[in-house]
Amino acid sequence: MAKLLEVSDFSVRFAAAEPVKGVSFSANPGEMLAIVGESGSGKSLTALGLMGLLPRQARVGGQILFGGRDLVGLSERELRRVRGRDIAMIFQEPMTSLNPVLTIGDQIIEVLRIHENLTRRQARERAIALLDLVSIPEAARRIDEYPHQLSGGMRQRVMIAIAVACNPKLLIADEATTALDVTIQAQVLQLLDNLRAQLNMAVILITHDLGIVAQWADRVVVMYAGRKIEEGLPDQVFETPYHPYTHGLLSASPRLKADYHYRDGPLSEIPGSIVSAAGEKGCSFRPRCPAARPACSLTVPQLIALPAGRQVACPYVAAIAEVAHVAPVG
Amino acid sequence: MNSRKLGTLAGQAIDFAPQAKIEASQPASETPKQPRWTHIHAPDVRASVSGTAWRGMRRELKVFLANYNALFGTAILLLVALSALFAPLLYPGDPLEMVARPFLWPGQNPAYPLGTDSMGRDVLAGIVHGARISLTVGLAATALGLTAGIAIGAVAGYFGGLVDDVLVKFIEIFQTIPSFVLLVVLVAIAQPTTATVTVAIAIVSWPTVARLTRAEFRAIREKDYVLAARSLGFGHARIIFREILPNALPPLIVTSSVMVASAILMESALSFMGLGDPNRVSWGSMIGAGRDVIRTAWYLTALPGLAIVFTVLALNLIGDGLNDALNPRFSEDR
């Protein structure tokens, strides 16, 4: 199957720092790919970079092949035709990502009219159908409401309706469910999953919620300090995490298994914080790594390809199981 | 909960004890119709609250209408506008014509309720006709100034970078020159007609609008919905006019009412100095003409002066009212 998206050695560089240092991943049509990592790991910048929405000062390197075309070198005008029609994005804050002075109908119609040759009436009908598609009740009436009249979950549904309006081949959900409460979160993810199947679009789910990843993703990419450090199927990665960071992330997630529930003891954490992305030598996880050894500060560990499409950027995979706090989880 | 509040208002003594007993004995059946936790963010609860379709517009109108000062201002402005509109019907003919004996004091002759000036011209006719030029110049100059200011401010604020630097310097050139001096020079160079006065006032007043628009655009362009619009492939013009401008309008509307007032003041000042259109009567020129005889016939200066004061006051009151109604700081999350 031809890859829909192939990102290779993608980097984002600002004057003082390089928050994304050569990330490579790919997505197949209709696949749900999760990118996880803590704040500052470069996930959101990668997402913005895919759409060419980075601030002007940012210098972008590498290659983003989308349907065989490199998006990195495209002009603003060409990118504009890709955005919204081929790649769409939904953002974290449903409360602020809708224009407060326009009705939700106007906002959906606007996108439809930019990218497709529709009359106002046709566009309105499509907009109502789209609101129906994202399960907004009484779509025909709701279409004339303003964002402030809708709840957070409803607004995120509207955002999704706007994003999928032109049947994009790729939808990037940047922390799209983080601001919602858990029940709504599940509904919105279910919706995204249904739409993915119906419209055969790939979804890149950017999140720090491992529960979401385990339940919904087809493949997971773990990022740390601007690099991809592990990739694989969620089952494999969660069953036997190879990279110490992934290990740490997993043991820091609360789970219902009684012996690991944090009622019985403090929730495990990864000591320290994400190091400043600038001026780091060697493995960027080394200062926090329980299995660190002197050699780690010499070179940046390369990704090692393992069977079944797994990749990990730690040469001491075998040694990990020996570390106390990363004893087998789950 | 509500009945308790009403009870206090009606002056009844509040007895919490029985209610507490009821709540304690049958907590399940006594479910209040409205949820007590009105701050809750559960979407379904909020969705049920948000059924009112017109809340946005109505609330702002309500705030404005509840403001007596603003209503007072609107009433005065309406009066001025009506007299300007019906001036040719009320006082047909040229208000600069001599119609009676000079120096008739107000009330002396019922045919000329506000008296006549040193040349025997009807003062009331002058004031009514003067309202025409004041309002025309005020509104037209504001419209011009707003258009230019918004266009330049929007481009500077939206694009930023080099464009912004150049445009800000350009704005600053106009701001460093004392505006009234610039105005006098501009009118002195061109022929003093209503049109040139209007354009000159617009030229000295657009920088304020441009700066305000630029500031608003700089703030709004960082909002999530602008990023969302970019992510959907919107072009620059569409983002500027559809996404940002409507959100930047409230402070601009407020400013524009004050701009009309200051344009009227500038026009009056120009006419007072004899730099206005000599063929049209204006409040400023009436004051200028009355200045020579201010000791013997002070009403010739005071009456058109009062007209200016009330019109400008009215516009400022409206501006205040609009500010209260539209300022996002006073309104709930929009």
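Summary of the structure given here. All of these numbers come straight from a predicted model, not from anything done at the bench.

So, on to the overall build of chain A. Within chain A, the regular secondary structure consists of ten helices and twelve strands. The C-alpha radius of gyration of chain A comes to 21 Å, within 12% of the 20 Å expected for a compact globule of 330 residues. Dimensions of chain A, computed from C-alpha atoms along their principal axes, come out at roughly 65 × 50 × 40 Å. Expressed as a percentage of the 330 residues in chain A, the buried residues total 53%. Long-range pairs, those at least 24 residues apart, make up 63% of the contacts in chain A between residues at least 6 apart in sequence. Here chain A has roughly 14,200 Å² of accessible surface; of this, 52% comes from carbon and sulfur atoms.

This paragraph deals with the environment of Ala252 of chain A. All names here are of chain A. Checked against the element boundaries, Ala252 lands in the loop between α10 (244-251) and β11 (304-305). Separated by 17 residues in the primary sequence, Ala252 and Glu269 have C-alpha atoms spaced 5.1 Å apart. Non-local contacts of Ala252, meaning those with residues more than four positions away in its chain, are made with Leu267, Ser268 and Glu269.

With that settled, consider helix α5 (residues 68-90) of chain B. Along α5 of chain B, the sharpest change in direction is near 40° and occurs at Ala84 of chain B; proline Pro88 of chain B comes one to four residues later. Along α5 of chain B, the positions that sit buried rather than exposed are Ala70, Gly73, Ile76, Val80, Ser83, Ala84 and Ala87 of chain B.

Residue and element names in this part refer to chain A. Overall, antiparallel pairing links the four strands, which are arranged β2-β1-β4-β5 in an open sheet. Of all strands in the sheet, those bounded by a partner on one side alone are β2 (20-27) and β5 (69-70). In terms of strand pairing, strand β1 (residues 5-13) meets strand β4 (residues 59-66) through seven bridges, oriented antiparallel. If you follow Leu5 over to β4, its bridge partner there is Phe66.

Residues and elements named next belong to chain B. The end-to-end C-alpha distance of helix α6 (residues 123-159) is 52 Å, a good match for the 54 Å that 37 residues give at a rise of 1.5 Å each. Of the residues that open α6, the one with a side-chain oxygen 3.1 Å from the backbone nitrogen of Leu124 is Asp122. In the segment just after α6, Gly160 is the residue with positive phi, at about 65°.

Charged atoms that come close allow side chains of opposite charge to pair. With the rule as written, the count across this model stands at 24 salt bridges over all chains. Note that Asp106 of chain A and Arg120 of chain A form a salt bridge whose closest N and O atoms lie 3.3 Å from each other. With Asp106 of chain A in helix α3 (residues 104-115) and Arg120 of chain A in helix α4 (residues 120-133), this pair connects stretches of sequence that are 14 residues apart. By relative accessible area, which is 47% here, Arg120 of chain A ends up partly exposed. As a salt-bridge pair, Arg121 of chain B and Asp117 of chain B come within 3.0 Å of each other at their nearest N and O atoms. The two residues Arg121 of chain B and Asp117 of chain B agree in class, both being buried. Connected via shared salt-bridge partners are Glu31, Arg219, Lys228 and Glu231 of chain A.

Before going further, it helps to spend a moment on the nonpolar core. Counting residues in hydrophobic clusters, the biggest one holds 119 residues, and the most contacted among them are Leu5, Phe25, Ile172 and Ile204 of chain A. Those residues within four positions of Phe25 of chain A in sequence are excluded, and the remaining contacts are Leu5, Glu6, Val7, Leu33, Ile35, Thr46, Leu50, Ile204, Val221 and Lys228 of chain A. Of all hydrophobic cores here, the second largest spans 24 residues; its members include Leu135, Val260, Ile287 and Leu300 of chain B.

A separate point is the side chain of Glu110 of chain A. Relative to the helices and strands, Glu110 of chain A is located in helix α3. On the basis of relative accessibility, which here comes to 7%, the residue Glu110 of chain A falls in the buried class. With residues near it in sequence (within four places) discarded, Glu110 of chain A still touches Phe234, Arg238 and Arg242 of chain B.

Moving on: the pairing of β1 of chain A. Both faces of the sheet carry side chains from a regular strand, because those side chains alternate between them. Residue and element names in this part refer to chain A. Here β1 runs beside β2; their pairing, made up of five bridges, is antiparallel. Considered in β2, the bridge of Leu5 is made with Ala27. In this antiparallel pair of consecutive strands, β1 and β2, the connection spans six residues.

Residue and element names in this part refer to chain B. Where α6 contacts helix α11 (residues 236-272), the axes come no closer than 8 Å and their chain directions differ by 145°. Read as a crossing pair, α6 and α11 show a hand that is right-handed. Residues that form the contact of α6 with α11 fall into these classes: 19 nonpolar, six polar and one charged.

A few words on unusual backbone geometry. Residues and elements named next belong to chain A. Although it is not a glycine, Asn167 adopts a positive phi angle of roughly 50°. Structurally, the position occupied by Asn167 is in the loop between α6 (152-163) and β7 (170-174). Residue Asn167 is classed as partly exposed on the basis of its relative accessible area of 48%. In this structure, Asn200 takes a positive phi of about 50° despite not being glycine. Mapped onto the elements of the fold, Asn200 is located in the loop between α7 (182-199) and β8 (202-207).

Residue and element names in this part refer to chain B. Among the secondary structure elements, Asp277 is positioned in the loop between α11 and α12 (283-290). For the buried residue Asp277, which engages in no salt bridge, the nearest side chain bearing the opposite charge is Arg280, 5.3 Å off. Of note is the side chain of Asp277, whose polar atom sits 3.3 Å from the side chain of Thr194. At 3.1 Å, the side chain of Asp277 forms a polar contact with the backbone nitrogen of Asn279.

The next point concerns the pairing of β7 of chain A. All names here are of chain A. Among the five residues that make up β7, five are buried, leaving the element largely enclosed by the rest of the structure. Strand direction decides the pairing type here: strand β6 (residues 87-90) and β7, joined by four bridges, are parallel. Within the sheet, the bridge partner assigned to Met89 lies in β7 and is Ile172. Across five bridges, β7 lies against β8 in parallel orientation. Paired with Asp174 across the strands is Ile206, a residue of β8.

Cut-offs and rules
Residues numbered from 1 in each chain as written. Chains lettered and ligands numbered in written order. Predicted model: local features only at pLDDT ≥ 70, side-chain atom pairs only at ≥ 80, totals over all residues. Heavy atoms only, no water. Helix = DSSP H or I, 4+ residues; strand = E, 2+ residues; numbered from the N terminus. Rg over C-alpha atoms; globule rule 2.2 N^0.38 Å. Buried < 20%, exposed > 50% of the residue type's maximum accessible area, 1.4 Å probe, protein only. Contact = heavy atoms within 4.5 Å. Areas by Shrake-Rupley, 256 points an atom, 1.4 Å probe, with all protein chains shown as cover. Bend = angle between axes of the 7 residues up to and from the residue. Pairing = 2+ DSSP bridges. Expected span 1.5 Å × (residues − 1). Polar contact = N/O pair within 3.5 Å; in protein donor to acceptor, adjacent residues only side chain to side chain. Salt bridge = Lys/Arg side-chain N within 4 Å of Asp/Glu carboxyl O. Core = buried A, V, L, I, M, F, W, Y, C linked by side-chain atoms within 4.5 Å. Axes fitted to C-alpha atoms, helices over the stretch in contact; angles between N-to-C directions. Left-handed = near helix turned anticlockwise from the far one by under 90°. Nonpolar A, V, L, I, M, F, W, Y, C, P; charged D, E, K, R; others polar. Lys, Arg positive; Asp, Glu negative; His and termini not counted.

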